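Coordinate analysis (summary)
Spelled out from the first residue to the last, the chains are:
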Amino acid sequence: MTQRLSDSRRLVVKIGSALLVEEKSGAIHQKWLQALADDVAELRAQGIEVLLVSSGAIAVGRRHLGLVGKAPRLEEKQAAAATGQIRLAHAYQEALARHDITVAQVLLTLSDTEERRRHLNARNTLGALLRLGAVPVINENDTVATTEIRFGDNDRLAARVAAMMNADTLVLLSDIDGLYEADPRKDPGAAHLAEIPAVTPEIEAMAGAAPTGYSSGGMVTKLTAAKVATGAGCRMAIADGRAEHPLKRLAAGERCSWFLSNLEPLTARKRWIAGSLKPAGRILVDAGAAKALTSGKSLLPAGVTAIEGRFERGDAVTVCNGEGLELARGLVAYSAADARLILGHKSREIEAILGYRGREELIHRDDLVVSEREPAK
């Protein structure tokens, strides 16, 4: 096995409800959670950034609202999530506080990772939390989301977060140690797949039905997550998380299934920016800014000479020189109206001009793809 957790730089871990919450009582498995926190602390000590995507809010909240033992309606699930999120966040806070690690709760829906402006906001917030040394604990925002409650668990959300954050590794902690050629619950002789180079139709055909209980995922949603993650340059593992210290055991080489990617995370993101987004406007820059872009630097307002088109924060734009030659494409950090106000100014002047402190860059280098194209029309 060539894949190792210790090779990661930024790791997203998804924890399923069945691992975290006792099905009949709705109580949190405190001892298991404390062992997971020990694993997270050990990984962070190795220099690995960790983000947690946790299910369980509905399962925990049902207990406290007297909804255990019945099939709750949609609004009851959302009510359960509202009370369960508080208790779940507190449990993570207590578990990680033993290691002097700050926890930050972030509530997201799938659309927060897909709509560009909300994607940019979520990405910037999570990035700031990591830089400040916190561990984000990301929950599905079930109090406002309905599609996710009906049709899936957090597998897809975890994959979207991994793609959004340029993570190189995603681990789905489950009640099974990976992908089998057939459902091992029905076929004990089914072969286990240790490495999957690509999610092909043949691989997808191996997925079975979701297990009963609080878990709403199953192998189908895990394979969907694998396609999202590997397409973004992030390898993914499906691992059995039922025993204590699941990440420590995975790091030691315990059996799992690795879904591989031949892309680097940042490369995959930049391919998406370059080829999948229609530009909403154009930014013209001077010679100094053009030179800075070709050397891999961000675009600052000081080097901008003109703004064309109507765009909002997070939209894709082209960056051109004075002759109209396209130099780059990127996701802009300001609307066209605000960009016109700050063009030609130093970054330190932005707050005084706009009345708020935004990003220093008009387009950050991680959101910018240098290109060689024909002169823009």
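What counts, and at which threshold
Residues numbered from 1 in each chain as written. Predicted model: local features only at pLDDT ≥ 70, side-chain atom pairs only at ≥ 80, totals over all residues. Heavy atoms only, no water. Pairing = 2+ DSSP bridges. Helix = DSSP H or I, 4+ residues; strand = E, 2+ residues; numbered from the N terminus. Contact = heavy atoms within 4.5 Å. Axes fitted to C-alpha atoms, helices over the stretch in contact; angles between N-to-C directions. 1 Å grid on protein atoms, 1.4 Å probe; cavity = no way out; pocket = protein on both sides within 12 Å on 5 of 7 lines; lining within 4 Å. Points joined across faces, edges and corners; volume = space filled by probe spheres on them. Nonpolar A, V, L, I, M, F, W, Y, C, P; charged D, E, K, R; others polar.

Picture the strands of a sheet paired through backbone hydrogen bonds; they go either parallel or antiparallel. Across the sheet, which stays open at both edges, the 8 strands sit in the order 3-4-2-1-5-9-10-8 with mixed pairing between neighbours. Each of the sheet's edge strands pairs with one partner strand only, and the pair in question is strand 3 (103–108) and strand 8 (195–196). Sheet topology note: the strand 8/strand 10 (residues 257–259) ladder contains 2 bridges and is parallel. By the bridge assignment, I196 is partnered in strand 10 with F259. Relative to the sheet, helix 4 (residues 74–97) contacts strand 1 (10–15), strand 2 (49–54), strand 3 and strand 4 (135–140), its axis offset from that of strand 3 by approximately 150°.

Let us now look at empty space enclosed by the protein. Under the defined criterion, the tally for this structure stands at 2 cavities of 30 Å³ or more. Reported here for the largest cavity is a volume of approximately 40 Å³. If you go around the largest cavity, the residues you meet are L33, L36, A37, V40, L52, Y92, A95 and L96. When residues of the lining of the largest cavity are traced back to their parent elements, those giving at least two are helix 2 (30–45) and helix 4. A per-element tally of the lining of the largest cavity places helix 2 first, with 4 residues. For the lining of the largest cavity, the class distribution of residues is 8 nonpolar, no polar and no charged. In this structure, the second largest cavity spans a volume of roughly 30 Å³. Around the second largest cavity, the lining residues are A239, D240, P246, R249, L250, E254, R255 and C256. Only strand 9 (235–240) and helix 11 (246–251) provide two or more residues apiece to the lining of the second largest cavity. Top contributing element to the lining of the second largest cavity by residue count: helix 11, with 3 residues.

By themselves, these observations are geometric and do not establish any function.
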